[in-house]
Amino acid sequence: MAQKILLKDIDVPGIETFDVFRKQGGYSAVEKVLKTMSPEDVVEEVKKSGLRGRGGAGFPTGMKWSFLAKPEGVPRYLVCNADESEPGTFKDRYLMTKLPHVLIEGMIVASYALGANTSYIYVRGEMMPQIRILEKAIAEAKAAGFLGENILGSGYDLEIYVQPGGGAYICGEETALLESLEGKRGNPRIKPPFPAIAGLYGCPTVVNNVESIAATSWIVLNGGDEYAKIGIGRSTGTKLISASGNINKPGVYEIELGLPVEEFIYSDEYCGGIANGKRLKAVVAGGSSVPILPANLILRTVNGEPRLMSYESLADGGFASGTMLGSGGFIVMDEDACIVRNTWNFSRFYHHESCGQCSPCREGTGWMEKILHRIEYGHGKMSDIDLLWDVQRKIEGNTICPLGDAAAWPVASAIRHFRDEFEWHVNEPKAAMEGNYGLAHYADPLPVPAAPSELVK
Amino acid sequence: MSEKFKVTIDNIVIEVDPGTTILNAARMIGGDIVPPAMCYYTKLQGSGGKCRTCLVKVSQGSEKDPRPMPKLVASCRTTVMDGMVVQNITSPEVIEARKGVVEILLINHPLDCPVCDQAGECHLQDLSFEHGAEQTRYEFKRRTFERIDIGDKIQLHMNRCILCYRCVFTADQITNERVHGVLNRGDASEISTYITKAVDNDFSGNMIDVCPVGALTDKTFRFKNRVWFTKPVDAHCECDKCSGKVTLWYKGEDVIRVTGRKDQYGEVQDFICNTCRFDKKKTSDWTIEKPTEIDPRSVISANHYEMEHMLPVIDKKIM
């Protein structure tokens, strides 16, 4: 059984209440940092842990914290990015629902490390229940003296506020989130300046994902070196993976980074194999914006090494044959999935969620969606596939924020790895409407697992 | 600051003050190497970075850190570093990306230049002429918007808008109250007023001048004439609200339009008030200075207003 850090007490009844959480050893990290550690010590521990941002980009958290400008007389802010809206990712929602105090504890530790006296949790607007849970947890922590003025007699003051967003995907981009938090239209800012210099209300700000912040309390309790021992290479620690799609056991799993992808998909401890005895066709390994990979490339790299669930191994091969760990939205598709339809669906999402600020993304995402819609519904032309490739290339890298890239990558990778399926849609529109392309040559390299007995009848 | 930064743009070296953007450094050199800019406006703080036509390649970040920047950058919002090497027209990658941006800007543009008052002084026209392709590859229905009325002075054609946000910044920064802004998201975003309120204040007319396309046009000039048949003349008047320095656009002996004076990049030198723009349409209101200097390559200069004899059409003696 792999080590659990964030979800270790998930099965304790009543863990969402302060009393039970405290009994399980909760908030001891707060006691430790406030009584024995300086803010610099905390930053140093997090740096040593090698914790990388869990929101998608994988930027080292300790490094991000140390970049924070510290001018005299200017407040600093910590903002927790809980605007989780990447299709296929639902780990933060799970964590906030079940273990709100893990996040609050991490918020206190991180705020102390950064010297922030006001911190915000920006929660996606659709997550109303989670907002109430967090507000209740904050009230409980405050009543117990872990929030407010002079926490535990240390002289450190902290207030945490929960801010519901409007439900826009773009507000998960850190500068758009800050604009939205300031009460403006959620358009990403043009960088530089980065939030570490001028963020919320023009003050130095750190924006971290829920999972990154939640991990910090374990790190300060057990030491950064201890955290760095978990995982593999530069991918340290554990990661929450939201597994969905055609698998037997969808859900949120906490894995040690470095777990083989094959084991993750087929072992009973995790996804439990492909549902209904079907075969694996493709995997989107880190949320909708990362490149999709066919079965043969997700299980093994081009060099034939087994692919591991880690930042480096998943990215092995670059965009030609690799993907990214991203936010950990692991979407599995079986032989009945249609890649064209799936790509169109993602594309429709990005078209809908583009903020409309810069031209390539505003116009280009809509264009891609229309072309994909045409191919999917049997009116495509062969030249459309090349056009699609060209349009995504014009968007990628030419936009203000990474949403343009996120819209371009799934399209690019789908054409790169599944071009024959696109061509089949163009050549055989009738068959494509009625049936499915199937596995083709991305054959599942594993033997077909025996179908569950109740389906064999 | 006495210290100057040395920047190389398309192999031309120039020394500029720290804090200058790449675009402005290129404008100091001038000529073909100046990236086009649709949304950046020198006088409007915070503008730029949106249209992506001014993308350039930074092949060397600075003297100290010579690494190239990984992506193309918006030259209007990137400040120069000492020893920076920038490629604009010498980089095929930039040319390609710019062509893509122009194509993307045009896919939903109605291309109704024949009935657009902006034609002849439209930046999007220039841009597509210089960087665009002959034909679009877009085969779908173009996006359209419901027409809304934003007042008796300014005509809004949302279909032509490229969402440069210039008019939003103008309203924010030079008028006392902004009543319009961008509504909705993505390709449904539109310039609109709050519950179709009229845009009406002393400096609202400047939104027309800053608009790079025909989305905001002068209602008092609407369908009066094509700009290339009119003659621009610099003039001024005593005005207690603004500098009073304007360009008058003559058709025959009538002033049919008043605008701010624009420089070679289409940016106004001084913002003018609505009284000067919309109400003073008689020659007697103005002190004429001289014919406006127009780029000889512009369609407006094709009017040959410097000719000694007036053109027959507007010669009263013949008529």
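Residues numbered from 1 in each chain as written. Chains lettered and ligands numbered in written order. Predicted model: local features only at pLDDT ≥ 70, side-chain atom pairs only at ≥ 80, totals over all residues. Heavy atoms only, no water.

## Looking at the overall build of chain A
- Across its full length, chain A holds 20 helices and 13 strands.
- Overall, the C-alpha framework of chain A stretches about 75 × 50 × 40 Å when taken along its three principal axes.
- Buried residues in chain A amount to 61% of all 457 residues.
- Taking the contacts inside chain A whose residues are at least 6 apart along the sequence as the reference set, 70% of them involve residues at least 24 apart.
- Here chain A has roughly 16,400 Å² of accessible surface; of this, 53% comes from carbon and sulfur atoms.
- Counting 45 positive and 56 negative side-chain charges, chain A places the centres of these two groups 2 Å from one another. (Helix = DSSP H or I, 4+ residues; strand = E, 2+ residues; numbered from the N terminus. Buried < 20%, exposed > 50% of the residue type's maximum accessible area, 1.4 Å probe, protein only. Contact = heavy atoms within 4.5 Å. Areas by Shrake-Rupley, 256 points an atom, 1.4 Å probe, with all protein chains shown as cover. Lys, Arg positive; Asp, Glu negative; His and termini not counted. Charge placed at Lys NZ, Arg CZ, Asp CG, Glu CD.)

## A word on the overall build of chain B
- Secondary structure summary: chain B contains six helices and 13 strands in total.
- Rg of the C-alpha trace for chain B: 21 Å, near the compact-globule value of 20 Å for 319 residues, within the 12% margin.
- Each principal axis of the C-alpha distribution contributes one length, and for chain B these read about 65 × 45 × 40 Å.
- Going through the 319 residues of chain B one by one, you find that 55% of them count as buried.
- Taking all contacts inside chain B whose residues are at least 6 apart in sequence as the whole, residues at least 24 apart take part in 64%.
- Surface summary for chain B: the accessible area is close to 15,600 Å², and the carbon and sulfur share equals 51%.
- Here chain B contributes 43 positively and 45 negatively charged side chains, and the mean placements of these two sets differ by 3 Å. (Rg over C-alpha atoms; globule rule 2.2 N^0.38 Å.)

## Some words on the nonpolar core
- I104 and I121 of chain A are the most contacted members of the largest nonpolar core, which has 63 residues in total.
- The greatest single-element share of this core, amounting to ten residues, is contributed by helix α6 (residues 100-114) of chain A. (Core = buried A, V, L, I, M, F, W, Y, C linked by side-chain atoms within 4.5 Å.)

## Section: the interface of chain B and chain A
- Contacts between chain B and chain A engage 33 residues on the former and 34 residues on the latter.
- Summing the contributions of chain B and of chain A, the shared interface buries around 2,900 Å²; its carbon and sulfur component is 50%.
- Broken down residue by residue, the surface that chain B buries against chain A is led by I104, F140 and R185 of chain B, which jointly contribute 24%.
- On the surface where chain B and chain A come into contact, there are eight salt bridges.
- The residue R185 of chain B makes a salt bridge to E353 of chain A at a minimum N-O spacing of 3.3 Å. (Buried area = accessible area lost by both parts, 1.4 Å probe. Salt bridge = Lys/Arg side-chain N within 4 Å of Asp/Glu carboxyl O.)

## As for the packing of helix α3 (residues 39-49) of chain A against helix α9 (residues 210-222) of chain A
Residues and elements named next belong to chain A.
- Two elements in contact, α3 and α9, have axes separated by 9 Å at closest approach and are oriented at 100 degrees. Considered as vectors, α3 and α9 are oriented roughly perpendicular to each other. Residues V42, E45, V46 and S49 of α3 form the contact with α9, whose own contacting residues are T216, I219 and V220.
- For the contact of α3 with α9, the class distribution of residues is four nonpolar, two polar and one charged. (Axes fitted to C-alpha atoms, helices over the stretch in contact; angles between N-to-C directions. Parallel < 35°, antiparallel > 145°, perpendicular 65-115°, else oblique. Nonpolar A, V, L, I, M, F, W, Y, C, P; charged D, E, K, R; others polar.)

## Focus: the UniProt feature "domain: 4Fe-4S His(Cys)3-ligated-type" (unreviewed entry) in chain B
- Per the UniProt annotation, the sites labelled "domain: 4Fe-4S His(Cys)3-ligated-type" (unreviewed entry) are residues 93-132 of chain B.
- Between the C-alpha atoms that bound residues 93-132 of chain B the distance is 15 Å, and the span itself is 57% helix and 0% strand. (UniProt positions renumbered as here; feature names shortened; annotations may be inferred.)

## A closer look at empty space enclosed by the protein
- Overall, the coordinates contain three cavities of 30 Å³ or more when judged by the stated rule.
- In this structure, the largest cavity spans a volume of roughly 90 Å³.
- Lining the largest cavity are 14 residues, with C161, C164, C167, C211 and L216 of chain B sitting closest to its centre.
- Among the residues making up the lining of the largest cavity, the classes are represented as 13 nonpolar, no polar and one charged.
- Of the pockets and cavities examined, the second largest cavity occupies roughly 60 Å³.
- As for the second largest cavity, its lining consists of 13 residues, and the residues nearest its centre are C355, Q357, C358, C361 and C401 of chain A.
- When the residues that make up the lining of the second largest cavity are grouped by side-chain class, the tally is eight nonpolar, four polar and one charged. (1 Å grid on protein atoms, 1.4 Å probe; cavity = no way out; pocket = protein on both sides within 12 Å on 5 of 7 lines; lining within 4 Å. Points joined across faces, edges and corners; volume = space filled by probe spheres on them.)

## With respect to the domain arrangement of chain A
All names here are of chain A.
- Along its sequence, chain A is carved into domain 1 (18-230), domain 2 (238-334) and domain 3 (339-434).
- The straight-line distance from the C-alpha centre of domain 2 to that of domain 3 is 23 Å.
- Taken residue by residue, the interface counts 16 residues in domain 2 and 14 residues in domain 3.
- Of the roughly 1,200 Å² buried at the junction of domain 2 and domain 3 (both faces included), carbon and sulfur atoms supply 69%. (Domains from an automatic or database assignment.)

## Some points on the pairing of strand β2 (residues 12-16) of chain B
Residue and element names in this part refer to chain B.
- In this sheet, β2 lies alongside strand β1 (residues 5-9) in antiparallel orientation, the contact comprising five bridges. Note that in β2 the partner of I9 across the bridge is I12.
- The turn linking β1 back onto β2 is made up of two residues, and D10 within it adopts a positive phi angle of 45 degrees. (Pairing = 2+ DSSP bridges.)

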